[in-house]
Amino acid sequence: MTTYKKIAAAAILCIFSLNAMAQQKPKNVIYMIGDGMGLAQVYAGMTANHDSLNLLRCPFTGFSRTYSANDYITDSAAGGTALACGVKTKNGMIGMNPDSVAVPSVLDYAAANDKKTGVIASCSVTHATPASFVAHQNNREMNEEIAADYLKSPVDVFIGGGLTYFTKRKDKKDLTKDLKKKGFTVATDMDEVKNMKSGKLAGLVAKDHPESIKGGRGDLLLDGTNTAIRLLSQGENGFFLMIEGSQIDWACHKNNESYMIAEMLDFDKVIGAVLDFAAKDGNTLVVITADHETGGLTILNGDFQKGKVSTQFNTLQHTGLMVPVYAFGPGAEKFSGIHQNTEISNMIKNLLGK
Ligand code: MG
Ligand code: MG
Ligand code: ZN
């Protein structure tokens, strides 16, 4: 070949591979939501952990705007619905648009594309964030109705608290019986969850909310994640999994720095396991973000070597700050820049589609 032909061949190859890159779609998506996890929560955790966090391994970062349809300050229902369903709704509403019309979530979309699906949270599975992926209710307080929506959802694996809303109900129904009829194994402790080898799993491991990390929750999120990945990756067409670090928000509502850091580091431990899986798999997109910031947290000082951080909260409520977005894997570059919270969901949908 002449030099000219060599250059031409290389150019054509380059165009082909760029094209292949542009069309690369992940087989699996793992969507991780740190409730209330603003930039200061992340940086406080990083400082306390001696200048190290697993989420630093994400090569692409961006910001998400979190306001809801009716409030500059979102709650977790509207925030969860935006991240799950790609629509801004009114505070308090789950999986519905502001006109109370049910909207499908990215989990529904993944299931419609023949992917297995799962939800894990360190709160009750009926709480706002996980509920936004499976339920459609006007009011986030409707725990029993949200529990019943799990039976209407295509979800294959769900792990968290909330057993009471399935078993001790006003309508006297025991929804765990219905779950078993639908082919679910109902596990009520983490040993059962960890021992699951295949099939559909309802892991309802606390009556209401699981404990905090300091209160003895243990590795619910990490072990739940490992089980979910094991079960869901048995599908031929990949999977969608949502994992929520639920209690970062609760710690910040209490303006409790050590609670916040413990929950942040627990969530980051799970991020480490997820990124290990994604790196090995090579075909998994990981998107990590928050529904909103909580507490108006500021960092006044810190010492990486000593793992000491001095923080100050400015409110007991959520704030309107943009929250960070971290992404890893095929399609991750799309998440850099500044996006509406709804766009994150819609970009994942686009990447999940055939
Ligand atoms: Mg929240
Ligand atoms: Mg939440
Ligand atoms: Zn909150």
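Not measured: the values here are computed from a predicted model. (Residues numbered from 1 in each chain as written. Chains lettered and ligands numbered in written order. Predicted model: local features only at pLDDT ≥ 70, side-chain atom pairs only at ≥ 80, totals over all residues. Heavy atoms only, no water.)

Here we take up the coordination of the magnesium ion (ligand 1). In this structure, D35 (OD), D35 (OD), S76 (OG), D291 (OD) and H292 (NE2) serve as the protein donors to the magnesium ion (ligand 1), at separations of 1.8 to 2.6 Å. Along the chain, the residues donating to the magnesium ion (ligand 1) fall in the pattern D-x40-S-x214-D-H. Separating the magnesium ion (ligand 1) from the magnesium ion (ligand 2) is a gap of 4.4 Å, which D35 spans by donating to each of them. Placement of D35 in the loop between β1 (28–34) and α2 (39–48) and of D291 in the loop between β8 (284–289) and β9 (293–294) is noted, with a sequence separation of 256 residues between them. A relative accessible area of 1% means that D35 is categorised as buried. (Donors = N, O, S within 2.8 Å, 3.2 Å for Na, K, Ca; no water. Helix = DSSP H or I, 4+ residues; strand = E, 2+ residues; numbered from the N terminus. Buried < 20%, exposed > 50% of the residue type's maximum accessible area, 1.4 Å probe, protein only.)

We now examine the sheet that holds strand β2 (residues 60–65). Within a sheet, each strand pairs with its neighbour through backbone hydrogen bonds, oriented either parallel or antiparallel. One open sheet holds the ten strands; their spatial order is β5-β6-β4-β3-β7-β1-β8-β13-β2-β14, and the pairing between them is mixed. Each edge of the open sheet is held by one strand with a lone partner, namely β5 (184–187) and β14 (337–340). On average, each strand axis in the sheet is tilted by 15 degrees relative to the strand beside it, whichever way the strands run. In this structure, β5 lies alongside strand β6 (residues 200–204), joined through four bridges in parallel fashion. Paired with T185 across the two strands is L201, which belongs to β6. Most of the contacts of helix α13 (residues 341–352) go to β14, to which it runs at about 95 degrees, and overall it touches β1, β2, β7 (239–245), β8, β13 (323–328) and β14. (Pairing = 2+ DSSP bridges. Axes fitted to C-alpha atoms, helices over the stretch in contact; angles between N-to-C directions. Contact = heavy atoms within 4.5 Å.)

Those donors, D249 (OD), D249 (OD), H253 (NE2) and H318 (NE2), are the protein atoms that reach the zinc ion (ligand 3), and they lie 2.0 to 2.3 Å from it. In this structure, the zinc ion (ligand 3) is surrounded by four donor atoms whose angles at the metal cover 57 to 149 degrees, and the resulting shape is irregular. All donor residues of the zinc ion (ligand 3) come from one chain, and their arrangement in sequence is D-x3-H-x64-H. Separating the zinc ion (ligand 3) from the magnesium ion (ligand 1) is a gap of 4.3 Å. Highlighted residues: D249 and H253, both in helix α11 (residues 247–253), separated by four residues, approximately one helical turn. Residue classification places D249 among the buried positions, given a relative accessible area of 4%. You can call H253 partly exposed: its relative accessible area is 26%. (Tetrahedral: all angles 85-135°; square planar, octahedral: opposite > 155°, others 65-115°.)

Turning next to the environment of E257. Within the secondary structure, E257 is located in helix α12 (residues 257–281). Considering only alpha carbons, one finds E257 and T126, 131 residues apart in sequence, at a separation of 26 Å. Residue contacts for E257: discarding those within four places in its chain leaves V309, S310, T311 and F313.

Burial runs high along strand β4 (residues 157–161): five of the five residues are buried. Taken together, the four bridges between strand β3 (residues 116–124) and β4 define a ladder with parallel strand orientation. The residue bridging G118 from the neighbouring strand is V157, located in β4. Examined bridge by bridge, β4 and β6 share four bridges and lie parallel to one another. Within β6, the position partnered with G160 by the bridge is L204.

Function-wise, these values are silent; they only describe arrangement.
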